[in-house]
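What follows is each chain in one-letter form.
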Amino acid sequence: MSAANTAESADFRGPLDITRAATAVLDAESTVIGWSPAAAELLGYGPAEALGRPLSAFLSVHPVGGAPPVGIEAVAETDASGTPGTAGVPGTTATGIGPPSLVGNEIHVAHARDGRELLVATAMCPLPGGAADRGPGTPDRILVAAEVGELRHWESRLALLQGLATQSPVGLAIYDTDLRLTWCNTAYEREIGQPLAAFRGMRADELYGDGSFVTPGYPQTLDGVMHQVLDTGEPVLDLNFRAQQPSDPGRDHLWSCAYYRLEDAHGHVFGVCEDAFDITDRYRVQERLTLLVEAGRRIGTVLDVATTAEEIAEVAVPDFAATVRVDVTRAAVTGETAAVGSPADMSLLRVADRSEPGTATPDPALPDPGPGPGVRGTGPLDSEGAESGPPDAEDSESGPPDGSGAESPGGDDRHPYPPVAYPPGSPQHRSLSSGGLVLDEGTLVVPLRAGGGILGLVTFDRGVGPDASGRPPALDRATTFDNGEVALADELAARTAVCIDNARRYTRERTASLALQRQLLPHHLPPQSAVRTAYRYLPADDVTGVGGDWFDVIPLSGTRVGLVVGDVVGHGLQAAATMGRLRTSVRAFAQLDMPPDELLTRLDDLVGQPAEEPPGANGGAVETYDVTTGATCLYAVYDPVSRRCVMARAGHLPPAIVDPDGGVSFPDLPAGPPLGLGGLPFESMEFELPVGSLLALFTDGLVEARDHDIAHGLDTLGRVLGDRSASLEELCDRAVSELVPGGTSADDTALLLVRTRELDAERVAHWELNAEAVSVGRARELATGQLEAWGLEELVFATQLVVSELVTNAVRYAGGPLGLRLIRDRTLVCEVADTGHTSPHLRHSAEDDEGGRGLFIVAQLVQRWGTRYTPTGKTIWTEQALPPADED
C-alpha cells in the first residue's frame, strides 16, 4: 500500500464532511453561487461553468426512490488499488439506492459534464437568518454531496470500529506514555468486571499485579514489555501472559497478547495499544496433549508392574491431579492371568501412592486382612540374589540361599505392597463392580483393563478438601474433572494397563524361567574327596531377563572330579531350557570318562544337529533363532591321586588358578570355537596342581560389565582370590560384591571355586602284573592283604571275586602289562588296567553257555562299574560301599 493510500485510509473524516465533500452554496432560488474544488472534481464542471446555474442542472429535482434509473452507474466500484473510485466504472449498474444507514440523507441523480449520471448522497445545511430577507445571489444554504459508494465505504469503517469497541472478543486497551489506561473496549471491561470509568487511569501492573509473561526472550512484566514497544517502536505478537482474571479470581488464565505503538498524524507517540485474547481453553487442550506425549515417553520404560504404576503417578501429579493412587491385583503383580470374574472381590495391592506436597486427600481404602501371604521380595518378583549350596560337611562350603544375606528369623513373607479393600459405595468399589470409570466430585476412578480382564484401578484425586494444616486447596486448580480431562484420564489408564499387562506377562515368563533354571542347576554339590567347592549364581536383571549361565561338579571314576562352567547365548525360557540340555549332555558324556577335548567335540556335534533339522521336524514350529549355537563351555578333570588337571574350552574364558602361595594366573588354554560353529578341533592342556591350589571357573557376566572391560574384571578377580586367609565362601562373597556391586547385571553370573586336595598314599595301593594266568591268584592275594591292612575284611570275598574276574578277562582278551589299583575313599574303588581297547559288555548268558557270567556276577556285587579309556589302553573300575563303621 502506498503512502497516499495509507494516509487516506487513516483519514476518518466522513465523505459528507464539508472539508472534503463536494460543496455548493445556494441562494434562496436554488441558484449555485458557490462551487468547491471537490464539486468540480466530482461532476467535471468548473466554477465558471457552474456558478449562476440552477441546482437542477446538476442534480435531480426530487430524491430518487426505489430502483435507480436505467443506466445509472454503480458507485461502489473501486479502482485497481482497492480504493473506492470517485467515478463509476462503465458497464456496471447499481443494484439499490443504498444501505439503511443512508436514511436521513437524500439520494439524488447527479449529471456529470461528460454525460455520466451518478448516485450521490446529499445533505442540506441552511444558513442562519430567514430566507425572506435574502435576495438572489445571497447565500441561503449549503449543499454537500458525496458518492453513495464512498459514503457506504466510510460507514463500514465506522461499523468496524464500533464492533471492535463493543462486540469483539479480543480485549483492546490503550495506554498513554505513562502506561496508564485511557480507553478499552467492552471485552476488556468484561475481563476487569467493572466499567471503564472505574479503572481509567490505572496502570497495567495494578490491574494484573500477579501476572507475568511466560514466553521466553521477553520481559516478564507488563511494564517491561510496553516500555520496550514504546522505546523501539517494533510491535510484538503472540506473547503468552499468565494471570488471574479480576472478574474470575481463583483460576489462572492465559492470554495471547500483541502490543504496538500509537502515533498521531505527525508521528508523535501518544501511547501503546494492547490486544489480548484469552487462550486458556486452547492452552489446557495443549497441556493435555503434552501430558499424553509425556505419558507415552515415561510410562512403561521397564517391564515392571510397580515401576509402571509409579510412572503414571509421577506423570499425573501435580499437573493433572493432586493425588494418584494405583492399586493392582495380586495376580498382575505375581504374573498370573488377569482376573475376568467377580472383580469387586479381587485382591488389590497398593503399588503406588503419590501426592502433591501440602495436599491431603482422604483414602477410602481399608487395610485388607488378605487371603494369605503375598509375594515376598522388594518388587513384583523375589529378590534374585546369589544362589549357593546348603551347608555341607567339611568338603563343601556354602552360604545363605540368598546372596544378600540370610532370611530374617521370623521368616517374614509379607508383601512389600499393602493389600487394600474398598468399602461398598466408594467410587473404587463402584468402579470394580461396574468395570467402568466413576466420577465422584473431585475423585475420578479408572479401571486398568487389558485382555478382557481387570488389572487394577487408578484413582485421580483433585484434593478438594483442606490439607493437614487446615489450609484450603490451591486456587488455581479445578475442583472436578471436565469431559476432556475424563477422556485424558481414560487414555492414561489405557496406556498404563497395556504396559502393566506387558510387565505381567514378562513377570510370568521370568518366574517360569527362573524356576526352570533353578531346577536345572545343581541344588546341592555332594562332598568330594578330590576338592572342596563353593559357588554363586546371580540371574540377570529384570530388564535383560534370565540367561543361560550354568556350572556343575561331576564325580568321576577313580575319585576324580569333573568341573564344568558354560554360557548360553540369549535370555528367557529358551536359554534356560538350552542350558538344561547342555548340562545334561555334559554329565552324560562325562560319565563315559571322556577326556575334555573329546567331550567338547561330542558336545559340539550334538549342538550342531538342530541346525540341520528341516523346518517341519518340530511339528511345523520353526524357531526364529538358535540359542544353542554360540554357547561356550569350559570342562576340566582333576585327579586327586596324581594331582593332575586336564582342561579344554570352547570359546569360554580360561579359569583363574591360585597357587598355595597366593600367586594368581590365567593359563593360556587353547581357545576352541564356541559350540555349534565347528571347523576347528578342541585341544586339552594338562598340568599339575599343588595341594591347596584354588581353581576359579566363571562366566563373562562376572568380569565384564558396561562400566569396565574384561581385563579390569580379571584383575579385580585375581586380587580378590589372592587372599589365602579367606574361606571359599568369603572369597565368593567378596568377588560378587566387588564385581557385581548391585547384585544383578545385564548378564547372568556364575562362579565356581574349587580348592584341590590329594589322597594320602596310605589310601591308595597300586601293583603291576604280567598278563599270565598266575597273575590272577597273585592279584587276589595282594587285594586280600591290602583290605586286611585297611580293616575291610567284610569286603574281602566280594573283592576277590571282582579282582579274579577282571584280571582273568584282561589276561584272556587283552595284553600286558596289567595294573591293579585299590583306592579307599568314600567307597572302595577297584581298578584293573590293560592295553586293550575293547570294552566288556554285560549280558545274560543262556543255560548252555560255558562263559559270560563273570561280569554279570561282578555287577551284582558292586554299586557301579564302568570302563575308562586311556592313551595306553583301558581301565575297568568298580565301586563298593564301605561298611557303615568304616565310612568317612
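Notes on the structure in this doc start here. (Residues numbered from 1 in each chain as written. Predicted model: local features only at pLDDT ≥ 70, side-chain atom pairs only at ≥ 80, totals over all residues. Heavy atoms only, no water.)

1. A word on the overall build of the protein
Reasoning step 1: A tally of regular secondary structure across the protein gives 21 helices and 34 strands.
Reasoning step 2: Per-residue burial over the protein gives 47% buried out of 888 residues.
Reasoning step 3: Across the protein, every contact between residues at least 6 apart in sequence was considered, and the portion connecting residues at least 24 apart equals 64%.
Reasoning step 4: Within the structure as shown, the protein displays about 41300 Å² of accessible surface, and the carbon and sulfur contribution to it stands at 54%. (Helix = DSSP H or I, 4+ residues; strand = E, 2+ residues; numbered from the N terminus. Buried < 20%, exposed > 50% of the residue type's maximum accessible area, 1.4 Å probe, protein only. Contact = heavy atoms within 4.5 Å. Areas by Shrake-Rupley, 256 points an atom, 1.4 Å probe, with all protein chains shown as cover.)

2. Here's the deal with the sheet that holds strand E30 (residues 764-769)
Reasoning step 1: Pairing is antiparallel in the open sheet, where five strands are placed in the order E30-E31-E32-E34-E33. Looking at strand neighbours, the two that pair on one side only are E30 and strand E33 (864-870), the edges of this open sheet. With strand direction ignored, the average angle separating the axes of adjacent strands in the sheet is 15°.
Reasoning step 2: Summarising the sheet, E30 and strand E31 (residues 818-824) pair through six bridges and their orientation is antiparallel. Counted as the bridge partner of Glu768 is Gly819 from E31. (Pairing = 2+ DSSP bridges. Axes fitted to C-alpha atoms, helices over the stretch in contact; angles between N-to-C directions.)

3. Examining the layout of surface pockets
Reasoning step 1: When its volume is computed, the largest pocket comes out at roughly 1100 Å³.
Reasoning step 2: If you go around the largest pocket, you meet 41 residues; those closest to its centre are Arg868, Tyr869, Thr870, Pro871 and Thr875.
Reasoning step 3: Broken down by secondary-structure element, the contributors of at least two residues to the lining of the largest pocket are helix H15 (596-608), strand E22 (632-639), strand E23 (644-650), E30, E31, strand E32 (827-834), E33 and strand E34 (873-881).
Reasoning step 4: Take the lining of the largest pocket: its biggest share by element is seven residues, from E33. (1 Å grid on protein atoms, 1.4 Å probe; cavity = no way out; pocket = protein on both sides within 12 Å on 5 of 7 lines; lining within 4 Å. Points joined across faces, edges and corners; volume = space filled by probe spheres on them.)

4. Brief notes about the pairing of strand E11 (residues 269-278)
Reasoning step 1: Relative to E11, strand E6 (residues 171-175) runs antiparallel, the two being bridged by five bridges. From the neighbouring strand, Ile174 faces E11, where its bridge partner is Cys273.
Reasoning step 2: Note that strand E10 (residues 252-263) and E11 share nine bridges and pair antiparallel. Looking at E11, one finds that Glu263 is bridged to Val269.
Reasoning step 3: In this structure, the hairpin formed by E10 and E11 is closed by a connection of five residues, where Gly267 is found at a positive phi of approximately 85°.

5. A look at a nonpolar patch on the surface
Reasoning step 1: Judged by side-chain polarity, Phe797, Leu801, Leu842, Phe856, Ile857 and Leu861 come together as a nonpolar surface patch covering roughly 520 Å² of accessible area.
Reasoning step 2: Of all the elements, helix H21 (residues 854-861) adds the most residues to the nonpolar patch, at three residues.
Reasoning step 3: Here Phe856 lies in helix H21.
Reasoning step 4: With a relative accessible area of 32%, Phe856 lands in the partly exposed category. (Patch = residues over 30% accessible without salt bridge, like charges linked within 9 Å, V, L, I, M, F, W, Y side chains within 5 Å. Salt bridge = Lys/Arg side-chain N within 4 Å of Asp/Glu carboxyl O.)

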